[in-house]
Amino acid sequence: MTCPLAAWSSSALLTASGAVPSPRQLAAHRRGTYGFVHFSMNTFTDREWGSGDEPATSFNPTGFDAAQWVAAAKAGGLTGLILTAKHHDGFCLWPTATTTYSVSASPWRNGKGDVVGELAAACKAGGIGLGLYCSPWDRNHAAYGTPAYVNVYHAQVTELLTNYGELFEFWFDGANGGDGWYGGAAETRRIDNATYYRFPELWAVCHRLQPNAVLFSDGGPDIRWCGNERGVCSTTNWAKVRPEGFAPGVIPDFTRLAHGDADGNVWRGVEVDVSIRPGWFWHPTEQPKNGAELFGLWLSSFGRGSTLLLNLAPDRRGLVPNEDIAALADFQAKKAAFTAVDIAAGKAVITDAARPGHPGGNLVDGNPTTAWAVPDDLTTASAEIDFLGEERIAGVRIDELISLGQRVEAFAIDLWHGHWLEVHRGTTIGAQRVIQLHPSRTTRLRLRILASQASPVISRLSVFSG
Ligand code: FUL
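Sequence order sets the numbering: in each chain, residues are counted from 1 along the sequence as written. Local features in a predicted model are, by the rule used here, given only for residues with pLDDT of at least 70; side-chain atom pairs are given and counted only at 80 or more, and totals for whole chains, interfaces and linings are based on all residues. Just so you know, side-chain values use all the structure's heavy atoms and leave hydrogens and water out.

Description of the pattern of salt bridges
Close approach of charged atoms allows side chains with opposite charge to pair. Criterion for a salt bridge: a side-chain nitrogen of Lys or Arg within 4 Å of a carboxyl oxygen of Asp or Glu. Applying the stated criterion to the full structure yields 22 salt bridges. As a salt-bridge pair, Arg355 and Asp376 come within 2.4 Å of each other at their nearest N and O atoms. Here Arg355 is found in the loop between β13 (349–351) and β14 (372–373), whereas its partner Asp376 is found in the loop between β14 and β15 (381–400), with 21 residues between them in sequence. One salt bridge connects Arg444 with Glu384, and the closest N-O pair in it is separated by 3.1 Å. Secondary structure elements follow DSSP: runs of H or I no shorter than four residues count as helices, runs of E no shorter than two count as strands, and numbering proceeds from the N terminus.

Following this line, the structure appears as structure tokens:
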């Protein structure tokens, strides 16, 4: 005979399905929207990819102020900044022991400056995270292409991991154009992206020295690229992949990078990187995107389950230009206005099924660790909210409880207009799905899960009037 208590417990007990995020991957999802900073030699030479022969003396910001970058980031609601500590030209923004091609050879702060150090201190003071990017490709270094350079590169990354406090992310770029200055050789050097840099060995060092930092590259190992720099990720977005064959600069299938793999065996969420300006670096003739465009990019990246890495481009003073700060502030205002009023919060939720201990009310309790869940044998379900009066509806946010895996394959949103009218149909949900709807007035909203790899576990349903 089944003990009723045991039956209750086993049905209430929620277990993971498929690949799940590690603690640092979960933290990366929660970081949400954060910033990139491209500021280096190229800022002074009006280039995107420096050749590596630009004199170190060209780097000379007149008013560098890392606290101003942090204030700009915060105006845009960015939760951290990832700095190009070294871009492809090889110029190091910190006083490294590995090369003389660095801020130490520049006139800035009489050769005593450290951009990485000043930004680390400013991020800490401002309460936002710090991440770093150190380009594997180095168009300055004479030994580039030989095993000796790879030791130099590993030493550079190790310095950055060791000397600047806690990092939330380390960024591994996949670009390699072949030609460069290379200590004066000025030639084309080809390397095998998959093997040359000894990435697995370096990543083990990163994880040992900075266990909370996620490692980004085209294919991971912790978070992956979306496959474009336009700020748009795929509407079907699985945060899991089959990783074989991917490496920084090695992308066997762009579609799989964009969608992830529905049958992926490891967790690997998408990060969408896009610049506030046409280029990654500041150029005198370029202008930033406006707040509405940035809000659109937020919807097409974060809104599709990804994180958003929005690039800032400080100018030759070493400051984020005022027009960029205005755009960031407008972006933040638009985001805040859209999400300000959650008319679902605390409302009664009627579901067609719920597991004991995981009622529909968990969708609207404001607690990201509780969820509405249905019995194991169900892969479809619906939840309905009555607003107890007519409300303006302009958008919704749905979150899966991804600590237990990503499951939902198809969903729909219906509004009550005397009958149920389907106003949105989507595929994956993942960490979060934010959908802007054509604004309308209604009394009830229904979420239908139409297909799911395992019984759906949904932690949030917000309905925005904004
Ligand atoms: C690319 C680089 O080649 C660009 O210059 C930029 O740094 C971008 C974020 O990544 O691969």
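Now that the structure is up, let's keep going.
Concerning the site of the ligand
If even one non-hydrogen atom of a residue comes within 4 Å of a molecule or strand, that residue is called near it. Surrounding the ligand, one finds Phe36, His38, Trp49, His87, His88, Tyr133, Trp171, Asp173, Ala175, Glu229, Asp273 and Trp280. Counting of polar contacts relies on pairs of N or O atoms within 3.5 Å, with two restrictions inside protein: one atom must be capable of donating a hydrogen and the other of accepting it, and residues adjacent in sequence are counted only when both atoms are side-chain atoms. Between the ligand and His38 there is a distance of 2.7 Å, counted from an oxygen atom to a side-chain nitrogen or oxygen. In this structure, Trp49 approaches the ligand through a side-chain N or O atom, which is 3.0 Å from an oxygen atom. Values of accessible area rely on a 1.4 Å probe in the Shrake-Rupley scheme; residue burial ignores everything except the protein chains shown. Its free accessible area being 290 Å², the ligand has 91% of it covered by the protein chains.

Quick word on the domain arrangement of the protein
Where the parts come together, the accessible area they lose is often given as the size of the interface. Each assigned domain of the protein is listed with its residue range as follows: domain 1 (17–337) and domain 2 (349–464). Contacts between residues were defined by any pair of non-hydrogen atoms, one from each residue, lying within 4.5 Å. Taken together, the contacts link 22 residues of domain 1 with 19 residues of domain 2. By buried area we mean how much accessible surface two parts lose on assembly, using a 1.4 Å probe and totalling the loss over both. When domain 1 packs against domain 2, the two sides together hide about 1600 Å² of surface, and 54% of this comes from carbon and sulfur. Our enumeration of links across domain 1 and domain 2 arrives at 0 salt bridges. At the boundary of domain 1 with domain 2, the tally comes to 15 residue pairs in polar contact (both at pLDDT 80 or more). In this document the domain limits rely on a domain assignment from an automatic tool or a database.

Some thoughts on the environment of Ile251
For Ile251, the position within the fold is in the loop between β9 (240–241) and α8 (254–259). Separated by 24 residues in sequence, Ile251 and Gly227 place their C-alpha atoms 8.9 Å apart. Not counting the four nearest positions on each side in its chain, Ile251 is found in contact with Asp218, Trp225, Phe246 and Leu257.

Some remarks on unusual backbone geometry
Put simply, Gly220 and Pro221 share a cis peptide bond, and its omega is 25°. Relative to the helices and strands, Pro221 is located in the loop between β7 (214–216) and β8 (223–225). Phi at Arg109 takes a positive value of approximately 50°, unusual for a residue other than glycine. Note on placement: Arg109 falls in the loop between β2 (80–86) and α5 (115–126). Only protein chains enter the accessibility calculation, which uses a 1.4 Å probe; a residue whose area is less than 20% of its type maximum is buried, one above 50% is exposed, and one in between is partly exposed. Judged by its relative accessible area of 38%, Arg109 is partly exposed. Unlike most non-glycine residues, Leu388 shows phi in positive territory, near 60°.

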